[in-house]
Amino acid sequence: MNKQQIIRALEAAHSVAAEAMTAGRHPFGAVLIGPDGSAILMRQGNEGTVRHAETELARRAAEQYEADYLVGCTLATNFEPCAMCAGTIYWANIGRVIYGASESRLLELTGAHEENPTLNLPCRSVFESGQKTVEVIGPVAEMEAAILKLHEDFWS
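Engineer: Can you tell me about the packing of helix α1 (residues 3-22) against helix α7 (residues 141-155), naming the residues and giving the values?
Structural biologist: One way to put it is that α1 packs onto α7 with a least axis distance of 10 Å and a crossing angle of 5 degrees. One way to sum up the angle between α1 and α7 is to call them roughly parallel. Side by side, α1 and α7 meet where Lys3, Ile7, Leu10, Glu11, His14, Ala17, Ala18 and Met21 of the first sit next to Glu142, Met143, Ala146, Ile147, Leu150 and Phe154 of the second.

Structure, rendered in structure tokens:
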């Protein structure tokens with residue numbers, strides 16, 4: 001994916017996160033981008049503590065699409081996928097992940113907040129522990145400020 005496609009994908013995920021926040025849920029959002037790098041196939045906001053946007057989207061994608069197709073797709077999300085989400089993305093066979101801001105930046109915002117106990121386990125480490133390749137792009141500096149702003153307002 002080129003830089004413009006990456007930014008558009010992250011803007012779409014950020015929009016989904018804002019919608020989740022408006023609905024009273026944590027502001028996390030994810031979109032599934034087709035192999036062409038631009039078609040949005042699915043959108044998913046955060047549903048709950050163990051129903052993260054990325055996990056829910058990856059599960060739905062695995063049910064709807066063949067693994068050989070998903071390996072060419074991209075999951076874009078506003079924050080780096082946690083270990084649970086990374087594992088689900090891996091098992092769903094999604095070939096690329098793009099995120100705007102890192103899990104460590106989220107921890108800086110939330111601290112020890114009981115509703116978001118972050119893990120210090122980068123998604124790259126989870127993917128590298130597997131037997132297949134998942135490309136990771138992120139954090140993306142051009143989107144980080146907008147993503148952090150939405151979360152600063154939410155967690156404060």
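Engineer: Explain the side chain of Glu56 to me, and be specific about the residues and the numbers.
Structural biologist: With respect to the helices and strands, the residue Glu56 is situated in helix α2 (residues 53-64). Residue classification places Glu56 among the buried residues on the basis of a relative accessible area of 12%. Apart from the residues within four sequence positions on either side, Glu56 is in contact with Gln44, Glu47 and Arg51.

Engineer: Tell me about the pairing of strand β1 (residues 29-33), and name the residues and values.
Structural biologist: The element β1 is largely enclosed, with a buried count of five among its five residues. Burial along β1 is two-sided: the face carrying Gly29, Val31 and Ile33 and the face carrying Ala30 and Leu32 are both buried. Pairing of β1 with strand β2 (residues 40-45) involves five bridges; the strand directions are antiparallel. In the strand pairing of β2, Ile33 is matched with Ile40. Counting the residues between successive antiparallel strands, the hairpin from β1 to β2 contains six residues, one of them, Gly37, with a positive phi of roughly 85 degrees. Judged from the four bridges that link them, β1 and strand β3 (residues 74-79) form a sheet pairing that is antiparallel.

Calculation notes
Residues numbered from 1 in each chain as written. Predicted model: local features only at pLDDT ≥ 70, side-chain atom pairs only at ≥ 80, totals over all residues. Heavy atoms only, no water. Axes fitted to C-alpha atoms, helices over the stretch in contact; angles between N-to-C directions. Helix = DSSP H or I, 4+ residues; strand = E, 2+ residues; numbered from the N terminus. Parallel < 35°, antiparallel > 145°, perpendicular 65-115°, else oblique. Contact = heavy atoms within 4.5 Å. Buried < 20%, exposed > 50% of the residue type's maximum accessible area, 1.4 Å probe, protein only. Pairing = 2+ DSSP bridges.

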